Amino acid sequence: MSGRRLRPIALLAVVGLLLVSLGAWVFVHRRAGAVERPRYIFVNETDDHAHDLAFKMTIKLAEKRSGVENALVFLKRLPPGRTIEQVATDLFERWQIGRQRAGRGILYLYSEQENLFKIEVSYELEALFPDALCHELATAAQTYMLSEIPQDFVSELVITMNLRARDGAAAAGLDWRPPAWLKDVRLSGGGGVKAKGYRRTLEDYRAAVRQLPAANLDAFEPAIDPEKTVRLYLESLRLGLGDPRLPLLTEGSQLFRVMVPRSEAQQLRVFRFYDQAMPYRLIRLDSWALAVFRPGVPNLPIVLRRADSGRWFVDEPKSWTYFHRYEDGIDFLPKYDDLLFLPALRQMGQPNARNPIYQGRVRTPPARAYPFSLADAVAAQERAIRERPTDDRLYASLGELYLFEVNWISRSLEMFERAAALAPDRLDYQWRLYDLYLNNSQADQALATLKRLADRLPKDRQVQDWYRFYKDEYDFKPGEFAAGTKVAAQR
C-alpha cells in the first residue's frame, strides 16, 4: 500500500468533483514545489452529478466527527496505460491526503468504465484498515456500484470507516463481501446494465427473486404471533442474513433487498443498534404492528403487517417510508400525522411523536390488505395512465405504490416528477418530491424544491426556517471544494 511510503497522513477525503481528464491526471497546481488544493477533495468526472452536493456534505460531516480526511474521486475511465492502483498512489502522494489531519487520510477512487474501485489509506490507519480489508471492500464496491442506489453504498462505506477510525476499533472480523446469494441474481440486461442506461422493471426484480436457488430458511417463516416474527427477524439480523428470500418478509421487502443488496456487515451493524436499544415495545393495531425500541440509540421501528392467513410479515419499506432518522440525529421521527401508530407512540412517550415532519402537508396512501399482487397493481396503474396520460393523480398513485410498498425511490421520483409537471400547483406533490430527493441523496434538487415551497408559502414560518437552515448548511465557503469540475496540472 502506498501509504507506507508516505509520512503519516491525516483523515478521510471522500467523494469528488475534481474530474480528471485523459491528459491531465495530475490534479495539482505546482508552485515552488508546493501542492495547491481545496480544503476538501471531491472529484466527479462521470456524467452523473445528481448526488454531488450530498457527497460534499458527507465529507465534511465525516471529518468533523472522526478527524480523518476523506477524498472521493469518481473517474469516467482510467488514463491510457495506467492501473487504478497507479492512479490511486499518484493522487494520494500528490494531494498529500491527510497531511493536515495528523497523518490520517483515506482515498476512495472509482473508475466507471472499468467498474473498478480502490481504497488507499495512510500509514497511520493501516492497522485499522489492512490491505486485505481494503481489497475486500473494493471488491464489494464493484457489485454495489451497479446497484439501484450506489450512492448509499458510498455513504455507508465512508460513515463506517470513519466510525472505526474515530473509535480505534479493528475493522477485521466483519464480512464486507457482497452476500453469497447475490452471485445467483440474474437481471435482464446483464451485469453492467446500469452503466449502459438499462431501465430495470418490476418484473426484472420479481424474476430475480424467483430464480434464486432454494435456500434453507425454513426457520424464518412468518408467525401467528407478531412477537415471534419480531424475534425471528432480529435473529436473522444477528446472523447477518440479508437474503431477499427470507420467508417472513413481505413481497415488497424482498424486492427492496434485491434492489439494495445488504451485506453481512450491514445487517450486523443494524442488529447491534437494535440490541443496544432493547427491550422493545410492541404496538398492535388490527392488521398492523410496530416494534419500538428504547430511545437514545439510532434505529428505526420495525413495521409488521398481518396477512389474511393470520401470519405476521415484516414490511421493511414502511420502516423507511413512515419514519426518518437524520444522519446527525439519534431518535427517529414520524413523517406523517395520519400514521395509525402515532397516538400509541405519543402515549408511550416516544421523543418525536408529537412532531411529524410533514404535519398537515402530505399524507400516506390507504393501506392495502395483504397479500396482494404487486405486479397486478402496477399493471393496473400503468393501463390507466395509458388511457388517461394527462391525469396527474394516476402518476402520483403509481408513485406511492412504488414508494410505500417497495421503497423504490428512483421509480417513485419519476412518477411524482410527471405528476408535478402536470399539476404544478399541487403542493403535496412538491412535498413528496422534497422527501424523495432527500432520501435519494439529491441535495441540490431537494433544496430547489424547498425553495419553491418557501416561495409559495411565505407565511409558513417552519418552511421558511427549513429553507434558510438547509441553504446555509449547503452554502460551502470559497476554497472548501474545487471551483470547477476539472482541475488540471500547471507545469
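Small disclaimer: the values here were computed from a predicted structure and weren't measured. Starting afresh in each chain, residues are numbered from 1 along the sequence in its written order. Per-residue local features are limited, in this predicted model, to residues with pLDDT of at least 70; the limit for side-chain atom pairs, both in listing and counting, is 80 or more; totals at the level of whole chains, interfaces and linings are taken over all residues. Neither water nor hydrogens contribute to the side-chain values; these are computed over all heavy atoms in the structure.

*Asks:* Kindly report on the environment of Val 230, identifying the contributing residues and their values.
*Replies:* Labels follow the DSSP assignment, with helices taken as runs of H or I lasting at least four residues and strands as runs of E lasting at least two, numbered in each case from the N terminus. With respect to the helices and strands, the residue Val 230 is situated in helix H6 (residues 226-238). A sequence separation of 50 residues divides Val 230 from Tyr 280, and the C-alpha atoms of the two residues are 9.8 Å apart. In this structure Val 230 touches Tyr 280, Leu 282, Ala 291 and Leu 304, once residues within four positions along its chain are discounted. Contact criterion: two residues are considered in contact whenever any of their non-hydrogen atoms come within 4.5 Å of each other.

*Asks:* Account for the sheet that holds strand S8 (residues 281-285), with residues named and values stated.
*Replies:* Pairs of strands are assigned from DSSP output, requiring at least two bridges between the strands. In spatial order, the strands read S8-S9-S10-S11; together these four strands make up an open sheet with antiparallel pairing. Single-partner strands in this sheet number two, and they are S8 and strand S11 (312-314). Strand-to-strand twist across the sheet, computed as the mean angle between neighbouring axes with direction ignored, equals 25°. As defined by bridge partners, strand S9 (residues 288-292) adjoins strand S10 (residues 302-306) across four bridges and the pair is classed as antiparallel. Across the sheet, Trp 288 pairs through a bridge with Arg 305, a residue of S10. Orientation is described by axes fitted as lines to C-alpha atoms, over the contacting stretch for helices, and by angles from 0 to 180 degrees between their N-to-C directions. Together, S8, S9, S10 and S11 form the strand contacts of H6, whose direction differs from that of S10 by roughly 135°.

*Asks:* Let's hear about the packing of helix H14 (residues 427-439) against helix H15 (residues 443-456): which residues, and what values?
*Replies:* At a closest axis distance of 8 Å, the pairing of H14 and H15 adopts a crossing angle of 155°. Here H15 runs roughly antiparallel to H14, going by the angle between their axes. Between H14 and H15 lies a crossing of left-handed hand. Counting all contacts with H14, which are made through Leu 427, Gln 430, Trp 431, Leu 433, Tyr 434, Tyr 437 and Leu 438, the residues of H15 involved are Gln 445, Ala 446, Thr 449, Leu 450, Arg 452, Leu 453 and Arg 456. Angles are sorted into four bins: roughly parallel if under 35 degrees, roughly antiparallel if over 145, roughly perpendicular if 65 to 115, and oblique for all others. Each crossing gets its handedness from the near helix: less than a right angle anticlockwise from the far helix is left-handed, clockwise is right-handed.

*Asks:* Could you give me a rundown of the packing of aromatic side chains, with the residues and numbers involved?
*Replies:* By convention, a stacked pair of Phe, Tyr or Trp rings (six-membered ring in the case of Trp) has centres within 6.5 Å and planes under 30 degrees apart, an edge-to-face pair has planes over 60 apart, and any other such pair is tilted. Per the counting criterion, the structure on display carries 22 aromatic pairs. Judged by centre distance (6.0 Å) and plane angle (40°), the rings of Tyr 110 and Phe 117 are tilted. Here the two residues Tyr 110 and Phe 117 agree in accessibility, since each one is buried. Taking 5.2 Å as the distance between ring centres and 80° as the angle between the ring planes, the aromatic pair formed by Phe 323 and Phe 332 counts as edge-to-face. Across this residue pair, the class does not change: Phe 323 and Phe 332 are buried. An aromatic cluster is defined as three or more aromatic residues linked by ring pairs; in this entry it consists of Tyr 322, Phe 323, Phe 332, Tyr 336, Tyr 358, Phe 404, Trp 431, Tyr 434 and Trp 466. The cationic tip of Arg 39 hangs over the ring face of Tyr 40; the distance from NZ or CZ to the ring centre is 4.5 Å. The rule for a charge over a ring is simple: NZ of Lys or CZ of Arg within 6 Å of the ring centre, and within 35 degrees of the ring normal. Above the plane of the ring of Phe 481 lies Lys 56, whose end atom (NZ or CZ) is 5.1 Å from the centre. Exposure is judged per residue with a 1.4 Å probe applied to protein chains only, and the accessible area is read against the type maximum: over 50% gives exposed, under 20% gives buried, and values in between give partly exposed.

*Asks:* Give me the nonpolar core: which residues, what numbers.
*Replies:* Take the buried residues of types Ala, Val, Leu, Ile, Met, Phe, Trp, Tyr and Cys, join any two whose side-chain atoms come within 4.5 Å, and each joined set is a nonpolar core. Formed by 72 residues in total, the largest nonpolar core has its most connected members in Ile 283, Leu 290, Phe 323, Phe 341, Leu 345, Trp 431 and Leu 450. Contacts of Phe 341, omitting those with residues within four sequence positions, involve Ile 283, Leu 285, Trp 288, Ala 289, Leu 290, Tyr 322 and Phe 323. Counting residues in each nonpolar core, the second largest holds 38 residues, with Val 68, Tyr 108, Ala 141 and Met 161 among its members.

*Asks:* Residues and numbers for the pattern of salt bridges, please.
*Replies:* Think of a salt bridge as a Lys or Arg side-chain nitrogen and an Asp or Glu carboxyl oxygen that are within 4 Å of each other. Under the counting rule described, the total for this entry stands at 30 salt bridges. One salt bridge in this structure joins Lys 318 and Asp 315, with 3.0 Å as the shortest N-O distance. The exposure classification of Lys 318 matches that of Asp 315, with both residues buried. Close ionic contact of Arg 411 with Glu 414 constitutes a salt bridge, the shortest N to O distance being 3.4 Å. With Arg 411 and Glu 414 both in helix H13 (residues 409-422), this residue pair falls three residues apart, about one helical turn. Per residue, the accessibility class of Arg 411 equals that of Glu 414, and both read buried.

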